[in-house]
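Descriptive analysis of the structure
Spelled out from the first residue to the last, the chains are:
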Amino acid sequence: MGHVKINLSLDATVAAAMRRLASEDGKPISQYLARLVQADEQRRKDRLAEEGYRWMAGDSAAFARESGSLVAETWPEWGRE
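All of the points below concern the structure found in this document. Quantities reported herein were computed from a predicted structural model and do not represent experimental measurements.

The rules behind these values
- Residues numbered from 1 in each chain as written.
- Predicted model: local features only at pLDDT ≥ 70, side-chain atom pairs only at ≥ 80, totals over all residues.
- Heavy atoms only, no water.
- Helix = DSSP H or I, 4+ residues; strand = E, 2+ residues; numbered from the N terminus.
- Buried < 20%, exposed > 50% of the residue type's maximum accessible area, 1.4 Å probe, protein only.
- Areas by Shrake-Rupley, 256 points an atom, 1.4 Å probe, with all protein chains shown as cover.
- Lys, Arg positive; Asp, Glu negative; His and termini not counted.
- Charge placed at Lys NZ, Arg CZ, Asp CG, Glu CD.
- Patch = residues over 30% accessible without salt bridge, like charges linked within 9 Å, V, L, I, M, F, W, Y side chains within 5 Å.
- Salt bridge = Lys/Arg side-chain N within 4 Å of Asp/Glu carboxyl O.
- Expected span 1.5 Å × (residues − 1).
- Arc of directions from axis to C-beta.

**A short note on the overall build of the protein chain**
- Counting its regular elements, the protein chain contains two helices and zero strands.
- Across its three principal axes, the protein chain shows a C-alpha extent of roughly 70 × 30 × 25 Å.
- When each of the 81 residues of the protein chain is scored for burial, the buried share is 7%.
- With an accessible surface of roughly 7,600 Å², the protein chain has 57% of that area assigned to carbon and sulfur atoms.
- Distance between charge centres in the protein chain, computed from 12 positive and 13 negative side chains, equals 13 Å.

Here's what the structure looks like:
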């Protein structure tokens, strides 16, 4: 993937903190920012996946509850074993 130059305007204290943190990591500011953006993107994807899993689990549980009586009617031997 290619590189793109961008121009950012930041508050002076934010810029100073960014420079300090990038320096502490031994990375150029651009790599430091790229890592932050990638980490934020991954957190968002993880949150969406977690929400999806919770919805699917709830939906599956509701389906199991609601289909129990239908199974008992159509397959009477089910609960006798």
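Now that the structure is up, let's keep going.
**Section: a nonpolar patch on the surface**
- On the surface, a cluster of nonpolar side chains totalling about 500 Å² of accessible area is made up of V4, I6, L8, L10 and V14.
- Residue classification places L8 among the partly exposed residues on the basis of a relative accessible area of 47%.

**Structural notes on helix α1 (residues 12-25)**
- Taking 1.5 Å per residue, 14 residues should reach 20 Å; α1 reaches 20 Å between its end C-alpha atoms and fits that length.
- Among the residues making up α1, those that are buried are A15, M18 and A22. Each buried residue of α1 lies within a common arc of 60 degrees when the element is viewed along its axis, so the set occupies one face. Seen from the buried face of α1, the exposed residues on the opposite side, beyond 90 degrees, are A12, T13, S23 and E24.
- Positive backbone phi, at 70 degrees, marks G26, one or two positions downstream of α1.

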